[in-house]
Amino acid sequence: MDEMTTLKTFRPDAPAADRARLTPGRQRLLDAAAEQRQRRRFWPRAGWKLAAAGAAAGVVAAVLVAQVAPTTGTHRVEAEYATSPEPTDGQWLYQKTLTRQSTLNFRDDLHPVSEKGTPAYWEFTQETWTQYGSGKVRRTLPNGVLDSVTGEANTGSPKKLRQKLEKLPSEPQQLLRSLSKVIRFGGDYQRIQYTFSSADTIPFEVRLSLFRALKTIPGVVVRPQLVKDAMGRPALAIHPSDDNPFTKETHRRDELLLDPKTYEYRGERTMMLVGGMIDSKVTTEETLIRVSAVQRFAAAVNEPGVRP
């Protein structure tokens, strides 16, 4: 991927750049930036991010930072967040998910009760390996052993999904129309939610465009206060408004969690809302029912069972 695509989202009147011409120069820029930053400070690696575009890289880097620094709502776009090198077809993408689940018993669904003698929450971890080119999936079993059955990702291979997402337009309404042809179920919000949760290698500029499109969907709320995922990391909480039929009936709100700077998928959260019933008592404050934390790693591995 190249940062000129990001520039184009902020400069729609600019002429299209030729990717083949820009790639060698971009790599030189990244190499120079990385070398300079090693002398100045340490940049941690996290998720699918790479450090990029240092001031010492010269005039081109200065122009890049100036163009990708404008704000998007209350959240700032950072020039450092790019996309890691694309894996090979035979490599496996590793994902680790920590889930904290309330021990409330939902037998009657709408009016859960506390389980006697149990802690407030159970915690469990799921590890998944997905082959980049084929979409084959391997998972750890509850006893920690790798399963012997090879399934396939519901969205097909990560490679094919990434190729489709890279072609999405940046303009929100055009993006929503194009995404409906890639994912043919649900409404606009459900399609974007599914994209974030299913695609391991969404390039930064596509994540940014998806987030912008989310904010244009009627009835979708981006909460102004950050929340925490199951690992305690800060996250944006995004969800349909509480007056939608499902939330009104169940008194439960399902939230999509995204990193507040990179818009990477962080997990999900379910809340019991005020007015619901727990232990035959009307709730007077929101109660956490379930929260997850998804970790996706920049380094692909060569076989399932291996961790980066």
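Described below are features of the structure shown in this document. Every value quoted in this text rests on a predicted model; they were computed, and no experiment measured them.

1. Things to note about the pattern of salt bridges
Here the structure, examined in full by the defined rule, presents 14 salt bridges. The residue Glu-255 makes a salt bridge to Arg-253 at a minimum N-O spacing of 2.9 Å. One exposure class covers both Glu-255 and Arg-253, and it is buried. Residue Asp-259 pairs with Arg-266 through a salt bridge whose shortest N-O separation is 2.9 Å. No difference in accessibility class separates Asp-259 from Arg-266, as the two residues are buried. Within this structure, Arg-223, Asp-242, Arg-253, Glu-255, Arg-269 and Glu-286 form a network of salt bridges that share partners.

2. Side note on unusual backbone geometry
Non-glycine residue His-251 carries a positive phi angle of around 60°. Of the residues examined, His-251 reaches a relative accessible area of 28% and is grouped as partly exposed. Residue Tyr-263 is not a glycine yet carries a positive backbone phi of 60°. Relative to the elements of secondary structure, Tyr-263 occurs in the loop between strand E10 (252-258) and strand E11 (265-272).

3. Quick look at the environment of Thr-103
By the secondary structure assignment, Thr-103 is in the loop between strand E3 (92-102) and strand E4 (121-131). Considering only alpha carbons, one finds Thr-103 and Trp-122, 19 residues apart in sequence, at a separation of 6.5 Å. Those residues in contact with Thr-103 that lie beyond four places of it in its chain are Glu-115, Thr-118, Pro-119, Ala-120, Tyr-121 and Trp-122. A distance of 3.5 Å separates a polar atom in the side chain of Thr-103 from a polar atom in the side chain of Thr-118.

Calculation criteria
- Residues numbered from 1 in each chain as written.
- Predicted model: local features only at pLDDT ≥ 70, side-chain atom pairs only at ≥ 80, totals over all residues.
- Heavy atoms only, no water.
- Salt bridge = Lys/Arg side-chain N within 4 Å of Asp/Glu carboxyl O.
- Buried < 20%, exposed > 50% of the residue type's maximum accessible area, 1.4 Å probe, protein only.
- Helix = DSSP H or I, 4+ residues; strand = E, 2+ residues; numbered from the N terminus.
- Contact = heavy atoms within 4.5 Å.
- Polar contact = N/O pair within 3.5 Å; in protein donor to acceptor, adjacent residues only side chain to side chain.

Fair warning: the whole summary comes from geometry, so function is off the table for now.
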